[in-house]
Amino acid sequence: MIEDLNPAARPASALMPAFAQDVLVLGFGACIVAALLAALLLWRRGDNRLLILLGAGAVAAATEGLACLLINCFHSPEGQYRIYRAFDTDVPLWLGEVYVLFFGAGAYLMVRQLQRLQQPLAFWLCFATIGLSEGVFEMITIRLGTHLYYGAQPWPIAGFPLHLFFVNATLAIAFATAA
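What you see is a predicted model, and the numbers here were worked out from it, not measured in a lab.

## Focus: the overall build of the protein chain
Then step 1. Each helix and strand counted, the protein chain has 7 helices and 6 strands in total.
Then step 2. What you see in the protein chain, going N to C, is helices and strands ordered as α-α-α-α-β-β-β-α-α-β-β-β-α.
Then step 3. Of all intrachain contacts in the protein chain linking residues separated by at least 6 positions in sequence, the fraction that spans at least 24 positions is 68%.

Structure below.
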C-alpha cells in the first residue's frame, strides 16, 4: 500500500552511525533542557509562549512519518533510537528533538525578533535565517549518514532538496505567527 503512494525506489537498508546518532541525541537533548529551563523562567515572568511552542514542536514531530513518505526521506531502521514508526518510516529520536528545537525554540526566537524590529525586512531576514540554518543542518546530517533523500528531488544541493528550505521556513513562520 505504501509503495503505491510513493513509487520511488526506497533504499533497501542502511546502518545508522552510532557515534553520529549519540552526538545528535545528547547535543539536542542538552539544548532542549536549556530551552525548558528558559521556558520555565519566562513562564514565571508571565510569558508562556516558549513553553507552548516547545510543546507544539513536540506534537509536530508526529507528522514526520507522513512527511518522510511524501518527500522521499529515508531514516534507517538499523541501529537507531526511534520514537515511532509510521507510514513504513522509522522516525529517529534525534529528529523528534529537532522538531522541539526548530519549531519550538526557533519559532520563539523568531517571535522575539519580529516584535523587536516590527519591519517587513525583519520578517524576511527571519525567514532566510530559518531556511538557511535548516538547510545547512540537513546537509551536515546527510553527510553524517543519519538520513538520505532518494528518488527524483527538485533542486538538490549536497543531497538536500532546496524546496525544503521554503517548506520548513514557512512552517516555522506559521508557528511563530500562532505564538
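## What to know about helix H4 (residues 64-71)
Then step 1. Of the positions making up H4, those classed as buried are Glu 64, Gly 65, Cys 68 and Leu 69. Viewed end-on, H4 has its buried residues packed into an arc of 140°, placing them on one side of the element.
Then step 2. Of the residues flanking the end of H4, it is Asn 72, one or two places downstream, whose phi is positive at about 60°.

## Let's talk about the pattern of salt bridges
Then step 1. Throughout the structure, instances matching the rule amount to 3 salt bridges.
Then step 2. Among the salt bridges present, the one from Asp 90 reaches Arg 82, with a minimum N-O distance of 2.1 Å.
Then step 3. According to the relative accessible area criterion, Asp 90 is buried, its value standing at 3%.
Then step 4. The salt bridge partner of Asp 90 is Arg 85, with a shortest N-O separation of 2.5 Å.
Then step 5. If you follow the salt bridges from partner to partner, you end up with Arg 82, Arg 85 and Asp 90 in one network.

## Quick notes on the pairing of strand S3 (residues 89-92)
Across a regular strand the side chains alternate sides, sitting on one face of the sheet and then on the other.
Then step 1. Neither face of S3 is exposed, since Thr 89 and Val 91 on one face and Asp 90 and Pro 92 on the opposite face are all buried.
Then step 2. Pairing between strand S2 (residues 82-86) and S3: 4 bridges, direction antiparallel. Its bridge partner being in S3, Tyr 84 is matched across the sheet by Val 91.
Then step 3. Here S2 folds back onto S3, and the loop between the two strands holds 2 residues, one of which, Phe 87, carries a positive phi near 55°.

## Focus: the environment of Gly 145
Then step 1. Here Gly 145 lies in the loop between helix H6 (120-144) and strand S4 (148-149).
Then step 2. The exposure class assigned to Gly 145 is partly exposed, which follows from its relative accessible area of 35%.
Then step 3. Sequence-distant contacts of Gly 145, defined by excluding residues within four places in its chain, comprise Leu 15, Met 16 and Pro 17.

## Observations concerning the packing of aromatic side chains
Then step 1. For the structure shown, the criterion picks out 4 aromatic pairs.
Then step 2. Of the aromatic side chains, those joined through ring pairs into one cluster are Phe 28, Trp 94 and Phe 137.

## Considerations on the confidence of the model for the protein chain
Then step 1. Residues with a pLDDT of 70 or more make up 87% of the protein chain, whose mean pLDDT is 79.
Then step 2. The weakest mean pLDDT in the protein chain belongs to helix H1 (residues 2-5) at 48; the strongest belongs to helix H2 (residues 18-44) at 91.

## Here we look at the packing of helix H3 (residues 49-60) against helix H5 (residues 93-117)
Then step 1. Two numbers describe how H3 lies on H5: the axes approach to 7 Å, and their chain directions differ by 145°. In this structure, H3 meets H5 at a crossing whose hand is right-handed. Where H3 abuts H5, its residues Arg 49, Leu 50, Leu 53, Leu 54, Gly 57, Ala 58 and Ala 60 lie against Tyr 99, Val 100, Phe 103, Gly 104, Ala 105, Ala 107, Tyr 108, Val 111, Arg 112 and Gln 115.
Then step 2. Among the residues forming the contact of H3 with H5, the class breakdown is 12 nonpolar, 3 polar and 2 charged.

What counts, and at which threshold
Residues numbered from 1 in each chain as written. Predicted model: local features only at pLDDT ≥ 70, side-chain atom pairs only at ≥ 80, totals over all residues. Heavy atoms only, no water. Helix = DSSP H or I, 4+ residues; strand = E, 2+ residues; numbered from the N terminus. Contact = heavy atoms within 4.5 Å. Buried < 20%, exposed > 50% of the residue type's maximum accessible area, 1.4 Å probe, protein only. Arc of directions from axis to C-beta. Salt bridge = Lys/Arg side-chain N within 4 Å of Asp/Glu carboxyl O. Pairing = 2+ DSSP bridges. Phe/Tyr/Trp six-rings, centres within 6.5 Å; stacked < 30°, edge-to-face > 60°. pLDDT = per-residue confidence, 0-100. Axes fitted to C-alpha atoms, helices over the stretch in contact; angles between N-to-C directions. Left-handed = near helix turned anticlockwise from the far one by under 90°. Nonpolar A, V, L, I, M, F, W, Y, C, P; charged D, E, K, R; others polar.

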